[in-house]
Amino acid sequence: MKRTILAACLLAAMAYAASGRWQGVIQQPNVAQKKTQPTQLTPRSGDDWARLGDEQLRADSYEEALEAYRQAMRLRGGDARLYAAYGTALYWQAGQTMTPQARAWLDQALESDPQEVTALLLLASEAFMQADYTQAVSRWKQALETTSARVNRERVIEAIHMAQQLEQQTGAQP
């Protein structure tokens, strides 16, 4: 019975992660969840390029997002948010696979700002998918400790509870 419940939870979690909806743990007030085409923005500054990168990422245009983030870093310099965005684009471009390159960018983001929410949430989700529930819970708790309004606290707490339950169930298996 416990194995059936565990299998069902794992399948549900895998389907959730594969859908890309794990990003729902980041609040985006008044923003539709559907993918949109990037605007016809003509970037003039590093901030414009970063916004264009964000739009390209939401539109699943990963190579274009990466180029926009490179331009943003060239014009305004790198920061934790841009490093995390770049790592996230690499992760999605690789088919939701944590490549060494994506991991390096996310680590750089956390070196720059240990409370960088995008990096924390992506690394937590990846740890969860790898059944490293302790690491997932740790990263999600770090995200909860931030003051960022981008964290959907209710969903993060739900994710923590699910990871803790799965950790208990897998730890109790013979």
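Note that the structure is predicted; figures quoted are calculated from it, not measured.

Novice: What's the story with the overall build of the protein in this structure? I'm lost.
Specialist: When helices and strands are tallied, the protein shows 8 helices and 0 strands. Written out in order from the N terminus, the α and β elements of the protein read α-α-α-α-α-α-α-α. For the protein, the proportion of its 174 residues judged to be buried stands at 42%. In the protein, the share of contacts with a sequence separation of at least 24, taken over all contacts with a separation of at least 6, comes to 51%.

Novice: What's the story with the confidence of the model for the protein in this structure? I'm lost.
Specialist: Taken over all residues, the pLDDT of the protein has a mean of 82, while the share at 70 or more is 75%. Ranking the elements of the protein by mean pLDDT puts helix H1 (residues 2-18) last, at 41, and helix H5 (residues 100-112) first, at 98. The low-confidence segment residues 1-36, where pLDDT is below 50, has 49 contacts with residues more than four positions distant or belonging to other chains.

Novice: Would you explain the packing of aromatic side chains in this entry?
Specialist: Centre distance and the angle of the planes are the two values used to describe a pair of aromatic rings. Scanning all chains against the criterion turns up 5 aromatic pairs. Aromatic pair Tyr-91 and Trp-92: ring centres 6.0 Å apart, planes at 85°, arrangement edge-to-face. Trp-92 shares its class with Tyr-91; the two are buried. Taken together, the aromatic side chains of Tyr-83, Tyr-86 and Trp-105 make up a single cluster linked through ring pairs.

Novice: Even after reading the chapter, I still don't get the packing of helix H6 (residues 117-129) against helix H7 (residues 133-145), so can you show me in this structure?
Specialist: Helices that pack against each other are described as a pair by the angle of their axes relative to one another and the distance between those axes. Between H6 and H7, the least distance of the axes is 7 Å, while the angle of their chain directions is 160°. Between H6 and H7, the angle falls in the class roughly antiparallel. Note on packing geometry: the crossing formed by H6 with H7 is left-handed. Of the residues in H7, those in contact with Leu-120, Leu-121, Leu-123, Ala-124, Ser-125, Ala-127 and Phe-128 of H6 are Tyr-133, Gln-135, Ala-136, Arg-139, Trp-140, Gln-142 and Ala-143. For the contact of H6 with H7, the residue count by class is 10 nonpolar, 3 polar and 1 charged.

Novice: Please explain the UniProt feature "repeat: TPR" (unreviewed entry) in the protein as it appears in this structure.
Specialist: In this numbering, the UniProt entry assigns the feature "repeat: TPR" (unreviewed entry) to residues 46-79. For the annotated span residues 46-79, helix accounts for 82% and strand for 0% of the residues, and the straight-line distance between the end C-alpha atoms is 11 Å.

Novice: In this structure, what is going on with helix H3 (residues 62-76)? I would like to understand it.
Specialist: For the α-helix, the turn length of 3.6 residues means that residues three or four positions removed from each other point alike. Over its 15 residues, H3 runs 21 Å from end to end, which matches the ideal 21 Å to within 8%, given 1.5 Å per residue. Positive backbone phi, approximately 85°, marks Gly-77, located one or two places after H3.

Novice: It is not clear to me how the pattern of salt bridges should be interpreted in this structure. Could you clarify?
Specialist: A full pass over the atoms with the stated rule returns 8 salt bridges. As a salt-bridge pair, Arg-70 and Glu-67 come within 3.1 Å of each other at their nearest N and O atoms. Here Arg-70 pairs with Glu-67, and both are found in helix H3, just 3 residues apart, close to one helical turn. Between Arg-76 and Asp-79 there is a salt bridge, with the nearest N and O atoms lying 2.9 Å from each other. Residue class for Arg-76 comes out partly exposed when judged on its relative accessible area of 32%. One salt-bridge network, in which partners are shared between bridges, spans Asp-47, Arg-76 and Asp-79.

Criteria and cut-off values
- Residues numbered from 1 in each chain as written.
- Predicted model: local features only at pLDDT ≥ 70, side-chain atom pairs only at ≥ 80, totals over all residues.
- Heavy atoms only, no water.
- Helix = DSSP H or I, 4+ residues; strand = E, 2+ residues; numbered from the N terminus.
- Buried < 20%, exposed > 50% of the residue type's maximum accessible area, 1.4 Å probe, protein only.
- Contact = heavy atoms within 4.5 Å.
- pLDDT = per-residue confidence, 0-100.
- Phe/Tyr/Trp six-rings, centres within 6.5 Å; stacked < 30°, edge-to-face > 60°.
- Axes fitted to C-alpha atoms, helices over the stretch in contact; angles between N-to-C directions.
- Parallel < 35°, antiparallel > 145°, perpendicular 65-115°, else oblique.
- Left-handed = near helix turned anticlockwise from the far one by under 90°.
- Nonpolar A, V, L, I, M, F, W, Y, C, P; charged D, E, K, R; others polar.
- UniProt positions renumbered as here; feature names shortened; annotations may be inferred.
- Expected span 1.5 Å × (residues − 1).
- Salt bridge = Lys/Arg side-chain N within 4 Å of Asp/Glu carboxyl O.

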